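Chain by chain, the residues:
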Amino acid sequence: MLPSLLLCGLAAPAIAQPPPADQARDGAVALQARRQGRLLPLPEIERRVVPTMRDAQYIGFDLEMPSGIYTLKFLKKGAVIWVDVDGRTGQILGRTGR
């Protein structure tokens, strides 16, 4: 009986939580900046950066607003590498990790 109760609990849908107000506001600011041409879209940033990271797996990104800096995250030989990119110009600003 207990295992079936556990399975039912695991199958229950998670209740979605709204994003924090500051995160939602940053998202709206980023969308507006992209629409106004002040910020390059993520696919363009990825086209410029991902090919330069040979032998590393691309695992995701963050976008810091209002600075407009994309941080692309990669995994290489068990180490995480962060590449900061100016979202306005597409220029790589720096890299941390191996």
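Criteria and cut-off values
- Residue numbers run consecutively from 1 along every chain, following the written order of its sequence.
- Only residues with pLDDT of 70 or above have their local features reported here, since the model is predicted, and side-chain atom pairs are shown and tallied only from 80 upward, although totals for entire chains, interfaces and linings are computed over all residues.
- No hydrogens and no water enter the side-chain calculation; it runs on all heavy atoms of the structure.
- DSSP calls a pair of strands paired once it identifies at least 2 bridges connecting them.
- Helical segments are the DSSP runs of H or I of at least four residues, strand segments are the runs of E of at least two, and each set is numbered from the N terminus.

Chemist: Explain the pairing of strand β2 (residues 69–76) to me, please; I cannot follow it from the model alone.
Modeler: Across a regular strand the side chains alternate sides, sitting on one face of the sheet and then on the other. With seven bridges connecting them, strand β1 (residues 57–64) and β2 associate as antiparallel partners. For Phe 61, the partnering residue across the bridge sits in β2 and is Leu 72. Counted between consecutive antiparallel strands, the loop separating β1 from β2 contains four residues, among which Gly 68 sits at a positive phi close to 75°. Pairing geometry for β2 and strand β3 (residues 79–86), over eight bridges, is antiparallel. Each bridged residue has a counterpart across the sheet, and for Lys 73 the counterpart in β3 is Trp 82. The antiparallel hairpin formed by β2 and β3 contains two residues in its connecting segment, where Lys 77 sits at a positive phi of about 50°.

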